[in-house]
Every structure is written in structure tokens, then in C-alpha cells.
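# Geometric and topological summary
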Amino acid sequence: MTTLDAFPTFPLAHLPTPFEAWARLGAAIGHPKLFAKRDDCTGLAFGGNKTRKLEFLIGDALATGATSLVTVGAIQSNHCRQTAAAANKAGLPCHLVLVDQVPIKTDAYQQSGNVQLDHLLGAIIHKVESKEAAPEFILNLINKLQASEKTPYFMPPGGSTAIGALGYVACAMELTKQADVASLKLDHVVVASSSAGTQAGLVAGFAALGAEVKVHGINVYEDDPAKLTEAVAGLADETLSLLGVKAAALEIIVHGDYRGEGYGIPTDGMFDALKLTAREEGVLLDPVYTGKGMAGLMALARAGAFSKDETVTFIHTGGTSGLFAYTPQFGVALSS
Ligand SMILES: *Cc1c(COP(=O)(O)O)cnc(C)c1O
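Bear in mind that the values here come from a model prediction, so they are computed numbers and not experimental data.

Counting residues in hydrophobic clusters, the biggest one holds 71 residues, and the most contacted among them are Trp22, Leu69, Tyr109, Met294 and Leu297. Each of domain 1 (4-49 + 160-335) and domain 2 (63-159) gives at least three residues to this core. Excluding its chain neighbours within four sequence positions, the residues that come into contact with Trp22 are Leu34, Phe35, Ala36, Arg38, Thr277, Glu281, Val283, Met294, Phe314 and His316. Of all hydrophobic cores here, the second largest spans 25 residues; its members include Phe35, Tyr168, Leu228 and Leu235.

Spelled out as C-alpha cells, the structure:
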């Protein structure tokens, strides 16, 4: 196996992130052996899971002579916010293609939260009105940047390439070490999943360690969850190839019942999960990813999907700066 040290990285994250027991929330949902890996605490401009991926992506960008970064996401993309911050640290101009793909037109959604921070961080922002229009826009932008004698480094949504997924191979290793120190066995890991890189990196990381940990992805993005399963499987394979690991067939677990109407659209389960986690643990989740991820974990726990003697670890992937993009929706949800 090629060790992770063989890949160029650029230091961005506060590591290791905490691994903690969430006994009060565990008791409230009937699964006391509940733990959390606090990747909301990676530290870079409000933190989150993209920072781990960006350590490898920016390492690769710098090693290959990139002169700017280009990436894409929704208006409230956490990935874009963390990329803008990482670009500043690396001294690279950052182009963000922000796609108006979520049907929420409130001032809060359009101007507050992550997009406010993108402006503060000084990213060059390009707004595109639909998902369909994005690929051609990005192609033209990259052509233009190349023509002006620059070497743009393009990252797909969520930074979900095999290089980016290495960040979550590193997380799987870090978490395994923390569980060992605490004399705990990792049985189930639950994570909100959208562009597949986080889940694929975790699956690849545990496979590389030969550890039998079930990684549950809660789909928060795809209309058809089978598409996410396929994407995670493909990317996990690619990541293992990059590491030179030959693993047996990988088990990819995706739960499709917790996204609701669409990506970025609130659900009752999300609000319940946010409230319960805030009130039992004093921890903030986010409305787009971790709220739905935790809603999935709670529903699975209540349905008896985990046996009582097994540990369940929630990967808190961040996103809390998106809370303020949903101020009007919270006004309604918290008054009831
Ligand atoms: C991007 C993101 C995820 C999902 O990670 P993917 O690698 O895109 O699947 C989960 N939680 C938060 C807060 C995110 O920003």
C-alpha cells in the first residue's frame, strides 16, 4: 500500500478533530452507545468536511503548478466557502461558480450564510441560473483562464475526486486510532452523503485498514439514491487504486428516505434532529446535510437497525454557517 505521506498535502485543518461520546442524545434516541467525530471543528473559516479534502487537493494543485482554483456548488455551498478560504491560505485566486439550483429565493438564502462568507473571503464569484447551464459555463471559464496563460485547477462539486477522497481515508485512520485509545470498536459510522467523496474516502480507508466498519451514507442530494451508491462505489475503488490497495468487494450502504423533496429543502425530520441535538448536546447541526444525516441516524436507531451493544459514530461534517441562510424557515419551525 502507498502510504498517505506519498501524496503532497497543504496543511489547512486543525487535526485530529475531537471524538466524543454523545450519551445524552444517545439516551434520548434509545441508543446510548452514540459517538461523534467532530469534523465541524476542522477550523478553516467555520470548518467542515471539505477542509480535509482540500488538504490533498491543494497539495496536488500546487505540485502541478496551478495558478488558480475553480470550483462549483450551490449558492450555500460549504465546499465553495472552504475552497475560497483555502485558496487564500495558498495564495491562489479562487473562482467559484455558484449555481442557483435550490428553489429558495429568500434574501437570507441568496445573500447570507456561506455566500456572504465567499464575498468576505474575496472569491471571484460567477452566478449561474441553473444546473443545466453550469457545465458549459465552467468549460468556457476554464478555456478563458487557460488562454490568459494561467493554469486553472478545477475541482468538481464537493471536491469529490479520488485525490480529495484521500482526506477521508486519513479521517478513517484518525478515527480508528481514537477509538483504539478509548478501547472502543467502531461498528457503524453514519455520514450525510451528496457528492460521494466523504463516504467513498471512509469506505476506502476502513477497507485499507482491513477494518469491518459499516459506513452508512444518508443521501441528501440525489433524486435516485442508487446513483449515489454507484458514485460511492466507483470513487472508493478509484481511491483504493490510488493507494495501491486490492480490497475484496466493498459494501456500499446508502439510505434514501431522509432527503425529502430535494437538496437543500428543509424536512420536519431535519428540524427535529437539529433541535434535539442542540438541546441534548449543545451541538449545532446544519439544515442541508448533517440535520438530514442525523434524522436518518435517529430513524435507523428507533427502527432497531443497530444492535444495542454496537457503537454508532456520527461524522459531524459541518455546514453550520448555512444555518443563517434559513432564518425565515427556522422562524416557523421553532415557533411550533
Ligand atoms: C459536502 C458536505 C457533505 C457531503 O460530503 P460529500 O463528500 O459531498 O458527500 C456533508 N456535510 C456537509 C456539511 C457538507 O458540506
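Before going further, it helps to spend a moment on the site of the ligand. Near the ligand there are 16 residues, and of these Lys50, Lys53, Ser195, Thr198 and Thr317 occur at the shortest range. The backbone of Ser194 places a nitrogen or oxygen atom 2.8 Å from an oxygen atom of the ligand. In this structure, an oxygen atom belonging to the ligand sits 3.4 Å away from a main-chain N or O atom of Gly197. Its free accessible area being 380 Å², the ligand has 99% of it covered by the protein chains.

All right, on to the pairing of strand E2 (residues 34-38) then. Burial analysis of E2 places 5 of its 5 residues in the buried class, the great majority of the element. Residues of E2 alternate between two faces, with Leu34, Ala36 and Arg38 on one and Phe35 and Lys37 on the opposite face, all of them buried.

The 6 strands lie next to each other as E1-E2-E10-E7-E8-E9, forming an open sheet whose pairing is mixed. A single partner strand is all that each edge strand has here, and the edge strands are strand E1 (19-21) and strand E9 (253-255). Sheet twist, expressed as the average angle between the axes of neighbouring strands with direction ignored, equals 30°. Bridge analysis of E2 against strand E10 (residues 312-316) gives 5 bridges, and the strand direction is parallel. When the bridges of E10 are listed, Arg38 appears paired with His316. Where helix H9 (residues 225-242) meets the sheet, it contacts strand E7 (188-193), strand E8 (214-219) and E9, and its direction lies at approximately 155° from that of E9. In the packing of helix H11 (residues 290-302) onto the sheet, the strands contacted are E2, E7, E8, E9 and E10, and the crossing angle to E10 comes to about 170°.

Reading guide: rules and limits
Residues numbered from 1 in each chain as written. Predicted model: local features only at pLDDT ≥ 70, side-chain atom pairs only at ≥ 80, totals over all residues. Heavy atoms only, no water. Core = buried A, V, L, I, M, F, W, Y, C linked by side-chain atoms within 4.5 Å. Buried < 20%, exposed > 50% of the residue type's maximum accessible area, 1.4 Å probe, protein only. Domains from an automatic or database assignment. Contact = heavy atoms within 4.5 Å. Near = heavy atom within 4 Å. Polar contact = N/O pair within 3.5 Å; in protein donor to acceptor, adjacent residues only side chain to side chain. Areas by Shrake-Rupley, 256 points an atom, 1.4 Å probe, with all protein chains shown as cover. Helix = DSSP H or I, 4+ residues; strand = E, 2+ residues; numbered from the N terminus. Pairing = 2+ DSSP bridges. Axes fitted to C-alpha atoms, helices over the stretch in contact; angles between N-to-C directions.

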